[in-house]
Every structure is written in C-alpha cells, then in structure tokens.
Amino acid sequence: MSNIEITLPDGSKQPVPSGVSPIDIAKSISPRLADAAIVARVDGELYDLTRPIEKDATVQILTSRDPESLQVYRHSTAHLLAAAVLELFPETKLGIGPPIESGFYYDFDRATPFTPEDLEKIEKKMWEIQKRHLPYERVYTRKEDGLRKYADAWMKCQLIDERAGEVFTEYTLGPQFIDFCRGPHVPDTSKIKAFKLLSIAGAYWKGDEHNKQLQRIYGTAFFTRQDLEDYLHRLEEAKRRDHRRLGKELELFTVNETVGSGLPLWLPKGATIRRLLEEYILERERASGYQHVYTPDLAKVDLYKRSGHWEHYHDDMFPLMDLETEQMVLRPMNCPHHILIYESKQRSYRDLPVRLAELGTMYRYERSGALSGLSRVRAMTLNDAHIFCTPDQIKEEFSSVMKLVERAYRDLGITRYTYRLSLRDKANTEKFVDNDEMWELGQRVLREAMDSLGLPYTEAPGEAAFYGPKLDIQLADVMGHEETYSTIQVDFHLPSQFALTYVGADGKEHRPVMIHRAVVSTMERMVAYLIELYAGAFPVWLAPVQAAVLPITDRQAEYARTIQQSLESAGIRVTVDERSEKVNFKIREAQLQKIPYMLVVGDREQQNGQVSVRHRKHGDQGVKTLESFLAEIRTLNDTKAVSE
Ligand code: TSB
Ligand code: ZN
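Residues numbered from 1 in each chain as written. Chains lettered and ligands numbered in written order. Predicted model: local features only at pLDDT ≥ 70, side-chain atom pairs only at ≥ 80, totals over all residues. Heavy atoms only, no water.

Would you take a moment to explain the pairing of strand 32 (residues 610-615) for this structure?
Both faces of the sheet carry side chains from a regular strand, because those side chains alternate between them. Bridging between strand 31 (residues 597-601) and strand 32 involves 4 bridges; their strand directions are antiparallel. Bridge pairing links V600 to S612 in strand 32. One ladder, built from 6 bridges, connects strand 32 with strand 33 (residues 619-625); its direction is antiparallel. Within strand 33, the position partnered with V613 by the bridge is G622. From the end of strand 32 to the start of strand 33, which pair antiparallel, there are 3 residues. (Pairing = 2+ DSSP bridges. Helix = DSSP H or I, 4+ residues; strand = E, 2+ residues; numbered from the N terminus.)

Here's what the structure looks like:
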C-alpha cells in the first residue's frame, strides 16, 4: 500500500499508509487521546474516526473540548432517537434530525400523536440501544438503489432524489437501522453518555406550511451527566423567569392577535414600569446635556431613499402606504427625523455637540418566527439620541455615553454585560454602504475609544448598522442567549447623505459626525430583560405596586384607605385588598404578585395609628408607625436600591 503524509496540529509530519483512519492516528499519539476522540478534522472537513484517509492531509483529532464535537455528538443522539422510535413504532416515517444550538430534534411522520408517556418509553429504548454499543457505520449507496430501498419512506426518497451525484452516504446503527445522512458521527453508541427528550411540537416538512405536518421531538445531549443536569436546571430557571409567562401572571402586558403579532399592549402595571424607566432615562439625559424632541412615526419614503434605509434596510421595513399623491412609510429608525431637526437652522462649531434625544417609536418588519413577547417586537420605542459633533469630539462623547450606560445599569441593577464591536461584512455591499475609507475610520475611532477606556470587547463582523460600525452592549438571559441592548454607533454616512454642515472657527463650512446611541435600548426589550432579571420581583423603585394594605377584617377597611391615601400623596404606589378574605390568603396573593411590602392592619394597628410590616422576602418586620415606614420606603426609592 502506498504511503501518504499527514500533518498534525503541531506541524509535525508523518508518513502513514494510505487508508489510515483518524482513530489509528489518535492511538499512535496516545491511548488517552484515542479514548477521548469524538471526531476528526481532515483538511478542514469533519471525518468519522473510522473513515479512511486516502491522500496527504492535515489531521486534527477533536475531543469533547472542541465545539464541533458537541454538534456531532448531538446529531448521533438524534439518530439514536430515530432508531428507538422505529423499534417502538415501526410504522413511523423519518424526516430529518439535525443538531441545534440547544440539542437536537428529529421529525417524524406518524398518524398517531406521540404522548408524553411515549417520550418516556422512547428515552428508555434509547438507553437500551445505547447499551448495545452499536457502531455508526458510514455506507455508500447508489442513488437508484437508495430510491428502491426507501420506496415507502417518502421523505427520505425526496431527500435522496434532491441530492446531486450518483452515490450518497448513509449511516447504520446496528443491523436494523440505517439513515440517509452526511455524517459524521461518533464511532459507537457507548460514546453517548447523557441525553434527555424534552418536548413534542408540530413542524412542517421542510418548514413549509403547504407541506405535511410532522411531529418533532426535541431533546438535548451533553458529554457528561453533570452538564446535562446544569442545563436542565437552567431550563427550569428560564421557565420560572420567562417574561412572557410573568407578563401574563403579573398583568404587565398582553399580545392580542386581533391587533397583531409583535404589537404588545402594555397593561397598567407594565405601563407603570415602562413610565418609570422612561422618566428615569429622560432625567439622566437632561442632566447630561441632551435636548428632547418629538417627531412623527412616519415619513415620505423619499426621506429613507435619501438616507439609504430604502436601499440597505428595506427588508426590515413595513410596506409602503399610498396617501393621496404621496407614498409614506412607517419609520424603522428615528435618525432621519433628527437630522432634519439639526438641519432646520444654521449650526456653528460653538453649538456642537448638538444632542437630540427622543423616546422614538419605530417599526420594523421582524419575521413572525423571530418575534418573542416584549424582547423582539414590530413596534418599539427606543431611548434614542443622535449626537452631532466635530470629529475631535467623538471620543469625549463616546465616553460620556458609556458613563450614562454604566450609571443606568447600576441603577437598574444590571451587573453582567459584555461589549461587542460590530463591524460590517465587507463582501455584503447590499446590507452595508460601500465606502472603505469611511468604515476604516469609524472602526478605528471605536477601537481607540474602547482602548482608551480600557474596556475589553469581542468583534462581530456583519453585525454593524448599514451606515457604520457599532459598539454594542450585550446582555444574556439565563440560557446564555445574548441580545444587544445599549448601542453606540459612529456614522460618517448620513451626515454626508444629507450634506450636513456647521460653520467652523475658520468661518468655513464643515461636516459634522453623527453618533447614534441608545442607553436603555427599547422600552420593550429592556422591560423584558428586567422582568427576567428580577423574576418579576422588581426593586422597590421600579415595582408597579410598592405596598399592599391588607385589612384583617372589614372593620379596618376605612383605616386601610386612609393609609393608602397618605402613602399615595407621598408618591408611593399602593393598593388595598378589601376583599372579605382571610388575611393569610391576602398575604399569599400579594406575595404571588411580588409586591415588596404588605401592610397588615387590625384593630390594634388602627388604635395605635400603626402598620404591621411584612416584606416579600424577609417576612415579618414588626409594627411601625406610618411615618417610619414612609421614611424607609422613600429612601429605597430615592437611592434606587436594587438589593433588598
Ligand atoms: C441608536 N439608529 C440607531 C439608533 O440611533 C438604531 O436604531 N440602532 S439599532 O438598529 O441598533 O436599534 C437600537 C436598539 O433597538 C438595538 O440595540 C436593540 O436593543 C433594540 N431593538 C432592535 N430591534 C428590536 C426589536 N425588534 N424589538 C425590540 N428591540 C429592538
Ligand atoms: Zn439612529
């Protein structure tokens, strides 16, 4: 047999017989590596450990430490699921079963719906098959043989039919199971150590609603039992904190299909939180030299043709509206309106920076599959501002926006966030304006600004705005899923599109730079985050109801109302539970509503002009005068305390 040369990751080269498999190579390096091996990378392509290598190649053995391995491992677990389903329910037809970010799924066509009990049975069967230590073997099949073999498996036939080439690959799992699949896979089922089936959902074949509906079984798999348990624990925690569930339970917001998807309705309590957030940020901005403006939610489409939104951001915009002789469009961003305000009078270098801010409502055509509660919506109000400044002022403005962000996060109790420098994708001139010089400059300015503040960041190509690079602040949910909240963006494009100017000290006209920035993101996304951060138990200063007065009997109803009045006139948000229920019941309800303070009043409290204070977390706080309770809650309000 002829020899080939393999190159290992350390650069060393070895002559080996042609047809050698990655597992042989792993064994020759060390038995431990061979044991830990999951899959291999051969000239950039993922290979089964047993697949022969037939030409000179660079070879890397991947273990559970390499991110690709988990994908392969989960894909193999999906095959295990399919094999178990076929053993239990042989009439089932197989669709596809890929790994996904959180695990894997497999789509099945079966007349009878799977039940939760079936899931348990299937999981048991999977363990049974796992214990047989069956190899995943790669098999090459001619297309015509495949079509014959899969004659009664309609989805597989379609997939094989669509596949180019004469021969396709399949993977066996023991003598009975074979699946049309590109692979690669782990060598055998003994590698699979920890998995769990999670749910059943409907899914259309190929994601197309005109196609047949299938049953999708979701599961997840990890290399160790511990990782699986940690994940399941986080999943529980995510369910407990889910802002969509809490939004309903705590009566914060609702989405009504009669209005439309992605168009939430804020209920009184949610609206209170939003208003507090709005008032808070407006006040901080006033203190930081911003001027607030109001502008309409729509404009003629020509405005967006001029700005470049129409060319580069069209896919995210709502369709045009014909109005008499004009074509109008809902705005996807507020910048063009603010630009026209800047332009409404002559500006001198002495006026700069001009900082125009607005809680600006904007509309984006987010695809229905991407919508989620308040965190991704189609109508949203952004804590927006556009700073018009000289190039020399960018750094200083950038760092004061950053200070504003840090202050806001502190007051809101947000402690965990990361910085992301979002850059363009150079190849994509459809999504990003095509002007190398401008991009280079913008990116350099942002990098320098971050470096001089000494802040670490990761870079994300393709995530920039169409008009310039952004410094995004990323917050993650319990599952580790990240979204952008605050953003600071440097823009040389729009000032030039609108030919903006200011008169410099030299008496000549110069072009300002624009900084787009949002401190607390959209009200929607930030409130969604806060609901999950606090699992609905908002800090006192943000709680929609700060105290509930709970009369023990009807006799104290009058007294309870006077307490409510005194507290309300001091600016505290208070309810009274006057229902003829036992006080323990009322306490439980207030607790479920996560109201920070319960003020229990009976005859004795009434006689002494006092309240019996209960805290939602710390329980009984003893009897206090109204004044001392008021002083306490006022301090929490004024200091925006976030821990209790
Ligand atoms: C900062 N023109 C700039 C503005 O001046 C702008 O609109 N930037 S943006 O496109 O990045 O959006 C700002 C922020 O809005 C994002 O960082 C994100 O936090 C929030 N946001 C974007 N899309 C949605 C959405 N569909 N639902 C909720 N919030 C969103
Ligand atoms: Zn903007």
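Still more ground to cover, so stick around.
Explain the side chain of E524 here, please?
Structurally, E524 is set in helix 16 (residues 523-533). Every residue in contact with E524, bar those within four places of it in the chain, is listed here: W266, R274, L374, V377, A379, M380 and T381. (Contact = heavy atoms within 4.5 Å.)

Explain the sheet that holds strand 21 (residues 379-389) to me, please; I cannot follow it from the model alone.
Where strands meet in a sheet, backbone hydrogen bonds hold them as pairs that are either parallel or antiparallel. Pairing is mixed in the open sheet, where 8 strands are placed in the order 16-20-21-28-25-24-22-23. Every interior strand has two partners, whereas the edge strands, strand 16 (291-292) and strand 23 (458-461), have only one. Pairing between strand 22 (residues 418-423) and strand 24 (residues 470-476): 5 bridges, direction antiparallel. Residue pairing across strands places T418 opposite Q474, the latter belonging to strand 24. Taken strand by strand, helix 12 (residues 335-343) contacts strand 20 (354-363), strand 21 and strand 28 (513-522), and its axis lies near 145° from that of strand 20. Of the strands in this sheet, strand 22, strand 23, strand 24 and strand 25 (482-491) are in contact with helix 14 (residues 436-453), which crosses strand 22 at around 165°. (Axes fitted to C-alpha atoms, helices over the stretch in contact; angles between N-to-C directions.)

Even after reading the chapter, I still don't get the packing of aromatic side chains, so can you show me in this structure?
In this description, a pair of aromatic rings is defined by centroid distance and the angle of the planes. Counted under the stated rule, the structure contains 20 aromatic pairs. Pairing F222 with Y231 gives two aromatic rings, centres 5.2 Å apart and planes at 40°, and the pair type is tilted. Residue F222 shares its accessibility class with Y231, and that shared class is buried. Ring centres of Y280 and W541 lie 5.5 Å apart, and the angle between their planes is 50°; this geometry places the pair in the tilted category. Of the two residues, Y280 sits in helix 9 (residues 268-286) while W541 sits in the loop between helix 16 and strand 29 (547-551), which places them 261 residues apart along the sequence. Pair check on accessibility: Y280 and W541 agree, each one buried. Through pairs of rings, three or more aromatic residues link up here, namely F89, Y106, F108 and F114. (Phe/Tyr/Trp six-rings, centres within 6.5 Å; stacked < 30°, edge-to-face > 60°. Buried < 20%, exposed > 50% of the residue type's maximum accessible area, 1.4 Å probe, protein only.)

Sorry, what's going on with the site of ligand 1 here?
Inspection of the region around ligand 1 gives 22 residues, with E366, D384, T484, S521 and T522 positioned closest. One nitrogen or oxygen atom from the side chain of H386 is found 2.9 Å from an oxygen atom belonging to ligand 1. In this structure, a nitrogen atom belonging to ligand 1 sits 3.1 Å away from a side-chain N or O atom of Q489. Elements that contribute at least two residues to the shell around ligand 1 include exactly strand 21, strand 25 and strand 28. The residue inventory of the shell around ligand 1, partitioned by class, reads 7 nonpolar, 8 polar and 7 charged. (Near = heavy atom within 4 Å. Polar contact = N/O pair within 3.5 Å; in protein donor to acceptor, adjacent residues only side chain to side chain. Nonpolar A, V, L, I, M, F, W, Y, C, P; charged D, E, K, R; others polar.)

Which parts of the structure should I look at to understand the packing of helix 9 against helix 13 (residues 394-412)?
Relative placement of two packed helices is described by the angle separating their axes and the distance separating the axes. At their nearest, the axes of helix 9 and helix 13 sit 11 Å apart, and the two run at 145° to each other. The handedness of the crossing between helix 9 and helix 13 is right-handed. Contacts between helix 9 and helix 13 involve L277, Y280, R284 and E285 from the former and L404, R407, A408, D411 and L412 from the latter. Of the residues in the contact of helix 9 with helix 13, the class split is 5 nonpolar, no polar and 4 charged. (Left-handed = near helix turned anticlockwise from the far one by under 90°.)

When you look at the packing of helix 17 (residues 557-569) against helix 20 (residues 626-639) in this model, what are you seeing that I'm missing?
In the contact formed by helix 17 and helix 20, the axes pass within 11 Å of each other and the chain directions differ by 40°. Classified by the interaxial angle, the pair formed by helix 17 and helix 20 is oblique. Regarding helix 17 and helix 20, the two cross each other, and that crossing is right-handed. Together, I563, S566 and L567 of helix 17 and L626, F629 and L630 of helix 20 make up the contact between the two elements. Among the residues forming the contact of helix 17 with helix 20, the class breakdown is 5 nonpolar, 1 polar and no charged. (Parallel < 35°, antiparallel > 145°, perpendicular 65-115°, else oblique.)

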